[in-house]
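# Commentary on secondary and tertiary structure
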Amino acid sequence: MLTCVTHSPEETAHLAGTIGKIIREGTVICLDGELGVGKTLFVRALARTLGVESDVTSPTFNLMNIYEAACPIVHFDLYRIASEEELEDIGFFEYAEATEGIVLIEWAEKFPNAIPADHLSVRIDALDAEKRKFTFIAAGEKSEALLEELK
């Protein structure tokens, strides 16, 4: 486990960019936290670091966005999903279990049994208007290695 605090959106973006520099294909990152805490800001900064030039937005209504970069980035937002059957309908499992690309899942805590065994959980908590506490917990060999490199 690793915990760190950022004091501004710019520091949050820098943290995500740092992860973007060391992340490997096949990585799944689960982002959880209250509405407006900065999950999409984190995804946007990570995606920019990997070379995404298009707009990176929350897929709250589309449920999934795919971005082309050094490797494909699949960005899910499970906020509006009500069941694991709906996850199947949108192809969640095929993408989440793929070894190519990077998978970023907002609101992963809604479906803990659907998340791949090897993943990096990122819990974001607001400490005040701009200050955020990040708690990283790795599950699986690949995510453990990523977390060790981040430390």
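Residues numbered from 1 in each chain as written. Predicted model: local features only at pLDDT ≥ 70, side-chain atom pairs only at ≥ 80, totals over all residues. Heavy atoms only, no water.

### What about the overall build of the protein?
- What the protein contains, in helices and strands, is 5 helices and 7 strands.
- A principal-axis box enclosing the C-alpha atoms of the protein has dimensions of 40 × 30 × 30 Å.
- Per-residue burial over the protein gives 48% buried out of 151 residues.
- Long-range pairs, those at least 24 residues apart, make up 61% of the contacts in the protein with a sequence separation of at least 6.
- Element-wise, carbon and sulfur atoms account for 50% of the exposed surface of the protein, whose accessible area totals about 7,500 Å².
- The average position of the 13 basic charges and that of the 27 acidic charges among the side chains of the protein differ by 8 Å. (Helix = DSSP H or I, 4+ residues; strand = E, 2+ residues; numbered from the N terminus. Buried < 20%, exposed > 50% of the residue type's maximum accessible area, 1.4 Å probe, protein only. Contact = heavy atoms within 4.5 Å. Areas by Shrake-Rupley, 256 points an atom, 1.4 Å probe, with all protein chains shown as cover. Lys, Arg positive; Asp, Glu negative; His and termini not counted. Charge placed at Lys NZ, Arg CZ, Asp CG, Glu CD.)

### Examining a negative patch on the surface
- Side chains of Glu84, Glu85, Glu88, Asp89, Glu94 and Glu97 sit close together on the surface and give a patch of like negative charge.
- The element contributing the most residues to the negative patch is helix α3 (residues 84–89), with 4 residues.
- Topologically, Glu84 is positioned in helix α3.
- The exposure class assigned to Glu84 is partly exposed, which follows from its relative accessible area of 32%. (Patch = residues over 30% accessible without salt bridge, like charges linked within 9 Å, V, L, I, M, F, W, Y side chains within 5 Å. Salt bridge = Lys/Arg side-chain N within 4 Å of Asp/Glu carboxyl O.)

### Topic: the packing of helix α1 (residues 9–22) against helix α5 (residues 141–150)
- Running from N to C, α1 and α5 cross one another at 125 degrees; their axes reach a closest spacing of 10 Å. Between α1 and α5, the angle falls in the class oblique. Considering only the axes of α1 and α5, their crossing is right-handed. Contacts between α1 and α5 involve Thr18, Ile19 and Ile22 from the former and Leu146, Glu149 and Leu150 from the latter.
- Counted by class, the contact of α1 with α5 contains 4 nonpolar, 1 polar and 1 charged residues. (Axes fitted to C-alpha atoms, helices over the stretch in contact; angles between N-to-C directions. Parallel < 35°, antiparallel > 145°, perpendicular 65-115°, else oblique. Left-handed = near helix turned anticlockwise from the far one by under 90°. Nonpolar A, V, L, I, M, F, W, Y, C, P; charged D, E, K, R; others polar.)

### A closer look at the state of the cysteines
- What the rule picks out here adds up to 0 disulfides.
- Considering cysteine sulfurs only, Cys30 is the nearest to Cys4, which forms no disulfide, with 17 Å between them.
- Free cysteine: Cys71, not disulfide-bonded; nearest cysteine sulfur from Cys30 at 16 Å. (Disulfide = S-S within 2.5 Å.)

### Details of the sheet that holds strand β4 (residues 73–77)
- Pairing is mixed in the open sheet, where 7 strands are placed in the order β1-β7-β6-β2-β5-β4-β3. Two strands lie at the open edges of the sheet, namely β1 (2–6) and β3 (64–67), each paired on one side alone. Here the average twist between neighbouring strands, direction ignored, is 20 degrees.
- For strand β6 (residues 119–126) and strand β7 (residues 132–139), the ladder comprises 8 bridges, and the chain directions are antiparallel. Looking at β7, one finds that Val122 is bridged to Phe136. (Pairing = 2+ DSSP bridges.)

### A few points about unusual backbone geometry
- One non-glycine residue with positive phi stands out, namely Trp107, at about 65 degrees.
- Secondary-structure assignment places Trp107 in the loop between β5 (102–106) and β6.

### So, the packing of aromatic side chains
- One pass over the full model with this rule turns up 6 aromatic pairs.
- Aromatic pair Tyr79 and Trp107: ring centres 4.9 Å apart, planes at 50 degrees, arrangement tilted. With Tyr79 in the loop between β4 and α3 and Trp107 in the loop between β5 and β6, this pair connects stretches of sequence that are 28 residues apart.
- Classification of Trp107 as buried rests on a relative accessible area of 10%.
- Through successive ring pairs, a cluster of aromatic residues spans Phe76, Phe92, Phe93 and Tyr95. (Phe/Tyr/Trp six-rings, centres within 6.5 Å; stacked < 30°, edge-to-face > 60°.)

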